[in-house]
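Summary of structural features
Below are the chains, spelled out letter by letter.
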Amino acid sequence: MPELPEVEVIRSGLAPLLSGCEVSGVLCFRESLRYPLPDLLCLKGRQFRNVARRAKYLLFEFDDEMTLVWHLGMTGQFHVLDANEPRQKHEHVRIDLNDGRKLVYRDVRRFGYAALIPSDELLLHPWFRSLGPEPLSDDFNVQYLRDCCRGRKGPIKSLLMDNGVVVGVGNIYAAESLFRAGIHPARAAGRISEMRLGRLVNCVRKVLTEAIAAGGSSISDFVHADGKPGYFSHNFQVYGREGNPCPLCAVPIKRMVQAGRSSFYCSGCQH
DNA sequence: AAATGAACCTGTTTGC
DNA sequence: TGCAAACAGGTTCATT
């Protein structure tokens, strides 16, 4: 489900709902999701200080300098509800707050995963150690991307989705960014001019920023912490639009499979 | 080294 | 109508 914009939208929704709240109890309805769940019972009595984000990870920061790291996989959702709301289908974890609400985690496919890590060790953790820069930071720039692409024969789309290169760009936003930049998803990364890579950097930034502003993309099951959908999917120009006319040149959008994932592109506009 | 495919799960859509 | 195959926002591991 979630790429960087969706995780960011969830983060910004949760932070004001949780900061300052104390955990009064925890219930796990299964022992593991993608990996075994950490011992969440030790959160009891701790206070949420902030909810941050790195890449597609949500970072729940507690007052005792512990961070609960949570990846949503494909279908993970967090909701803050009244404690007496009935348990939903696929609800796996429930964290009770001392003000009569609860933070609930749902995940149909159970690809999500979590860990409890001392805050100062976060960047040393295997999940974080080898991550590339945030796409909206100054570290993601044309010089950097050019160095990443140098000599690479693989397709640019795979490189864009490689978290070691840049984080947060998934299948949807890779397709949309490449379309805006006019670059074919199968083009060898090492054979793109610096000028076009510069355009790509700007397009990635722009697409992600617009998507955050629109509240993310709801395809089937993405919803905010308050249960509302995002609207960026109305702005998709190629993703999921195989056979429809290109918004720029009216040639039908094509679909191809790269590394097991669908890629959507316009053969008229992208080279 | 770098690229592809399978695996992890469940639900929905598509095609015969 | 029914049933099976294909497909879905992500990541990791094994295999070329």
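Residues numbered from 1 in each chain as written. Chains lettered and ligands numbered in written order. Predicted model: local features only at pLDDT ≥ 70, side-chain atom pairs only at ≥ 80, totals over all residues. Heavy atoms only, no water.

1. A closer look at the packing of aromatic side chains
Describing an aromatic ring pair means giving the distance of the ring centres and the angle of the ring planes. What the rule picks out here adds up to 16 aromatic pairs. Both rings, one in Y35 and one in Y113, keep their centres 5.2 Å apart while their planes meet at 70 degrees; by these two values the pair is edge-to-face. Of this pair, Y35 sits in the loop between β1 (23-28) and β2 (48-54) while Y113 sits in strand β8 (residues 113-118), and the two are 78 residues apart along the sequence. For Y113, a relative accessible area of 12% puts it in the buried group. (Phe/Tyr/Trp six-rings, centres within 6.5 Å; stacked < 30°, edge-to-face > 60°. Helix = DSSP H or I, 4+ residues; strand = E, 2+ residues; numbered from the N terminus. Buried < 20%, exposed > 50% of the residue type's maximum accessible area, 1.4 Å probe, protein only.)

2. Side note on the protein's contact with DNA strand B
As a structural note, the neighbourhood of DNA strand B is formed by K89, H90, V108, R109, R110, F111, R152, K153 and G154. For DNA strand B, the fraction of protein-proximal atoms (within 4 Å) that sit in sugar or phosphate groups is 62%. Contact distances for DNA strand B include 2.7 Å between a phosphate oxygen and a backbone N or O atom of G154. (Near = heavy atom within 4 Å. Polar contact = N/O pair within 3.5 Å; in protein donor to acceptor, adjacent residues only side chain to side chain.)

3. Structural notes on the packing of helix α1 (residues 4-18) against helix α6 (residues 194-213)
Where α1 contacts α6, the axes come no closer than 9 Å and their chain directions differ by 35 degrees. Considering the relative orientation of α1 and α6, their crossing is right-handed. Here α1 contributes L4, P5, E8 and V9 to the contact with α6, which in turn contributes L208, A211 and I212. (Axes fitted to C-alpha atoms, helices over the stretch in contact; angles between N-to-C directions. Left-handed = near helix turned anticlockwise from the far one by under 90°. Contact = heavy atoms within 4.5 Å.)

4. Regarding α1
With 15 residues, α1 should reach 21 Å at 1.5 Å per residue; the first-to-last C-alpha distance of 21 Å fits that figure. For α1, a buried count of 11 out of 15 residues is recorded, marking the element as mostly surrounded by other parts of the structure. For α1, the full list of buried residues reads L4, P5, E6, V7, E8, V9, I10, R11, L14, A15 and L18. (Expected span 1.5 Å × (residues − 1).)

5. Brief notes about the pairing of strand β10 (residues 261-265)
Pairing of strand β9 (residues 254-258) with β10, which is carried by 5 bridges, proceeds in the antiparallel orientation. Directly across from R255, in β10, lies its bridge partner F264. Connecting β9 to the antiparallel partner β10 that follows it, the hairpin turn spans 2 residues, and A259 within it adopts a positive phi of roughly 50 degrees. (Pairing = 2+ DSSP bridges.)

6. Structural notes on the side chain of S177
For S177, the location among the structural elements is in helix α5 (residues 171-181). Among the residues examined, S177 registers a relative accessible area of 0% and is labelled buried. A polar side-chain atom of S177 sits 2.6 Å from the main-chain carbonyl oxygen of Y173. Those residues in contact with S177 that sit more than four places away from it in its chain are L200, C203, V204 and V207.

7. Observations regarding the pattern of salt bridges
Pairing is possible between side chains that carry opposite charge, provided their charged atoms lie close to one another. This model, assessed by the stated rule, comprises 14 salt bridges. Between R54 and E134 there is a salt bridge, with the nearest N and O atoms lying 3.0 Å from each other. A residue pair is termed long-range when its members are at least 10 positions apart, and R54 in strand β2 and E134 in the loop between α2 (126-129) and α3 (142-149) qualify at 80 residues. What makes E134 buried here is its relative accessible area of 16%. Between D99 and R101 there is a salt bridge, with its nearest N and O atoms 2.9 Å apart. Beyond isolated ion pairs, a larger network of salt bridges with shared partners links E8, R11, R53, R54 and E134. (Salt bridge = Lys/Arg side-chain N within 4 Å of Asp/Glu carboxyl O.)

8. Here's the deal with the sheet that holds strand β5 (residues 76-82)
Pairing is antiparallel in the open sheet, where 4 strands are placed in the order β1-β6-β7-β5. At either margin of the open sheet sits one strand with a lone partner, and together these are β1 and β5. Between one strand and the next, the sheet's axes are offset by a mean angle of 15 degrees, whatever the strand orientation. Sheet topology note: the β1/strand β6 (residues 91-97) ladder contains 5 bridges and is antiparallel.

9. Here we look at α5
For α5, a buried count of 10 out of 11 residues is recorded, marking the element as mostly surrounded by other parts of the structure. Those residues of α5 hidden inside the fold are in contact with α1, α4 (156-160), α6 and β10. Just downstream of α5, G182 is the residue with a positive phi angle, here 70 degrees.

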